[in-house]
Structure formats: structure tokens, C-alpha cells
Amino acid sequence: MKSILTIVFIITLGVFAQAQNTSTDVKVNTIEMSVVVVADVEEATVIENTMEVARLYRRSNSQVKKALAFTTKRNRAKMA
């Protein structure tokens, strides 16, 4: 009897929740913007004689993995 009343109560709550008339239509003001076409584009190239050195590691993110793999005394297993 208790389970039947519980099911009827849940169904009535669901029906009342769906029966509410909510307006979800929201009107948004639109803004119209014009497009400006630029025909002349100046290209400026800067040539510099600089050498840059990039460091290559064997493993990617090696410093991050090392920092995340730290252990403390509380992480170690305790002997019984």
C-alpha cells in the first residue's frame, strides 16, 4: 500500500511540474554592423639574424611529471 501511494504521489508531482505554463521565449535585440573592405595592405617583413636554441627533452613534460610524482612520509606504507 505504501509503495502504491508513493508512486501516485510521484506521478502527481510530475504532472503538476509539467502543467506549469512557463514562457521561455526571450527576444534579443540585434545589432547590424557594416563590413568595411580594405584593399591596400602593407606587408612589412623584419629580418633579424638571431639564433634561438630550443631545449629538447627525452620525455615530454618531464618536469611536470617529476613535480607531480612527489611522495611524503604519510604516503608510504606503514609496517604493522
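Residues numbered from 1 in each chain as written. Predicted model: local features only at pLDDT ≥ 70, side-chain atom pairs only at ≥ 80, totals over all residues. Heavy atoms only, no water.

Visitor: I'm lost on the overall build of the chain in this one. Help?
Guide: The number of helices and strands found in the chain is two helices and zero strands. In the chain, which comprises 80 residues, the proportion classed as buried is 0%. Approximately 9900 Å² of the chain is accessible, and the part contributed by carbon and sulfur atoms is 58%. (Helix = DSSP H or I, 4+ residues; strand = E, 2+ residues; numbered from the N terminus. Buried < 20%, exposed > 50% of the residue type's maximum accessible area, 1.4 Å probe, protein only. Areas by Shrake-Rupley, 256 points an atom, 1.4 Å probe, with all protein chains shown as cover.)

Visitor: Please explain the UniProt feature "signal peptide" (unreviewed entry) in the chain as it appears in this structure.
Guide: The UniProt feature table records "signal peptide" (unreviewed entry) at residues 1-19. From the first C-alpha to the last, residues 1-19 spans 27 Å; its make-up is 95% helix and 0% strand. (UniProt positions renumbered as here; feature names shortened; annotations may be inferred.)

Visitor: Looking at this structure, how should I read helix H1 (residues 2-19)?
Guide: Owing to its 3.6 residues per turn, the α-helix aligns residues three or four sequence positions apart on the same side. Compared with an ideal rise of 1.5 Å per residue, which puts 18 residues at 26 Å, H1 spans 26 Å between its outermost C-alpha atoms and is within 8% of the ideal. Counting buried positions over the 18 residues of H1 gives zero, only a small fraction of the element. (Expected span 1.5 Å × (residues − 1).)

Visitor: I'm lost on a nonpolar patch on the surface in this one. Help?
Guide: Where nonpolar side chains cluster on the molecular surface, the patch consists of Ile7, Ile11 and Val15 and spans about 290 Å² of accessible area. Relative to the elements of secondary structure, Ile7 occurs in helix H1. (Patch = residues over 30% accessible without salt bridge, like charges linked within 9 Å, V, L, I, M, F, W, Y side chains within 5 Å. Salt bridge = Lys/Arg side-chain N within 4 Å of Asp/Glu carboxyl O.)

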